[in-house]
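# An overview of the molecular structure
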Amino acid sequence: MTHHTSFLRWAALALAVAASAAHAQSASVEESAKKTAAGAGCFACHTISHQDLKGGQLPIGPAWQDVAAQYRGKPGAADFLTRVVLEGSNPYSSHWKNKAAGIAMPPNAVAITESDTRQVVYWILSLK
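This report concerns the structure included in the present document.

What counts and what doesn't
- Residues numbered from 1 in each chain as written.
- Predicted model: local features only at pLDDT ≥ 70, side-chain atom pairs only at ≥ 80, totals over all residues.
- Heavy atoms only, no water.
- Helix = DSSP H or I, 4+ residues; strand = E, 2+ residues; numbered from the N terminus.
- Phe/Tyr/Trp six-rings, centres within 6.5 Å; stacked < 30°, edge-to-face > 60°.
- Buried < 20%, exposed > 50% of the residue type's maximum accessible area, 1.4 Å probe, protein only.
- Core = buried A, V, L, I, M, F, W, Y, C linked by side-chain atoms within 4.5 Å.
- Contact = heavy atoms within 4.5 Å.
- Salt bridge = Lys/Arg side-chain N within 4 Å of Asp/Glu carboxyl O.

So, about the environment of Val 29. Tracing the backbone shows Val 29 in helix 1 (residues 3-39). Taking C-alpha positions, Val 29 is 8.3 Å from Gln 119, a pair spaced 90 residues apart along the chain.

It is worth spelling out the packing of aromatic side chains at this point. Tallied over the full model, the rule gives three aromatic pairs. When the ring of Trp 64 is compared with that of Trp 123, the centres are 5.8 Å apart and the planes differ by 80 degrees; the resulting orientation is edge-to-face. Residue Trp 64 is found in helix 2 (residues 64-71), and its partner Trp 123 is found in helix 4 (residues 114-126); the two are separated by 59 residues along the sequence. For the pair Tyr 71 and Phe 80, a centre-to-centre distance of 5.7 Å together with 35 degrees between the ring planes defines the contact as tilted. Of the residues examined, Tyr 71 reaches a relative accessible area of 11% and is grouped as buried.

At Asn 98, a position not held by glycine, the phi torsion is positive, near 70 degrees. Position of Asn 98 relative to the elements: it lies in the loop between helix 3 (77-87) and helix 4. Under the relative-accessibility criterion, Asn 98 is labelled exposed at 62%.

What follows deals with the nonpolar core. In this structure, Trp 64, Val 67, Tyr 71 and Leu 125 are the most contacted members of the largest nonpolar core, which totals 22 residues. Of all the secondary-structure elements, those providing two or more residues to this core are helix 1, helix 2, helix 3 and helix 4. Dropping the residues within four chain positions of it, Tyr 71 is found in contact with Ala 77, Phe 80, Leu 81, His 95, Trp 96 and Leu 125.

Okay, the pattern of salt bridges next. Going through the model one piece at a time under the given rule, you end up with four salt bridges. Put simply, Glu 31 and Lys 34 hold a salt bridge, and the shortest N to O gap is 3.9 Å. Taken together, the positions of Glu 31 and Lys 34, both in helix 1 and three residues apart, correspond to about one turn of that helix. For Glu 31, a relative accessible area of 48% gives the class partly exposed. Taking relative accessible area as the criterion, Lys 34 reaches 24% and is therefore assigned partly exposed. In this structure, Arg 118 and Glu 114 form a salt bridge, with 3.4 Å as the shortest nitrogen-oxygen distance. Of the two residues, Arg 118 and Glu 114 both sit in helix 4, four residues apart, roughly one turn of that helix. Assessed through its relative accessible area of 23%, Arg 118 is described here as partly exposed. Taken together, the salt bridges that share partners define one network made up of Glu 30, Glu 31 and Lys 34.

The structure is reproduced here in structure tokens:
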């Protein structure tokens, strides 16, 4: 085996290990964010993906995949969403019309820390 072939095999192995580690870290971040969100009661009003309710009722809060689609790539989105979680939302905002019940989100600073909120918000914004 030539030195070049050995190097290429080593490089391929290193890339495979790095990809595996990145996938494991991503799964770990996702599980941690879900656990944090569950502990703070977020799933009482939100789901990860849109789910139609029986009788045509709208969910209380928007699905997080919808939130990600609405805010992904917008400057300041993570800071804005972090503030909304901690301080509550504007009940007169209409950007979730026909997607959520239109009830304002209450302040949640007593249920979740700012750093945990940021972790959950960054995870939400990563959803496809």
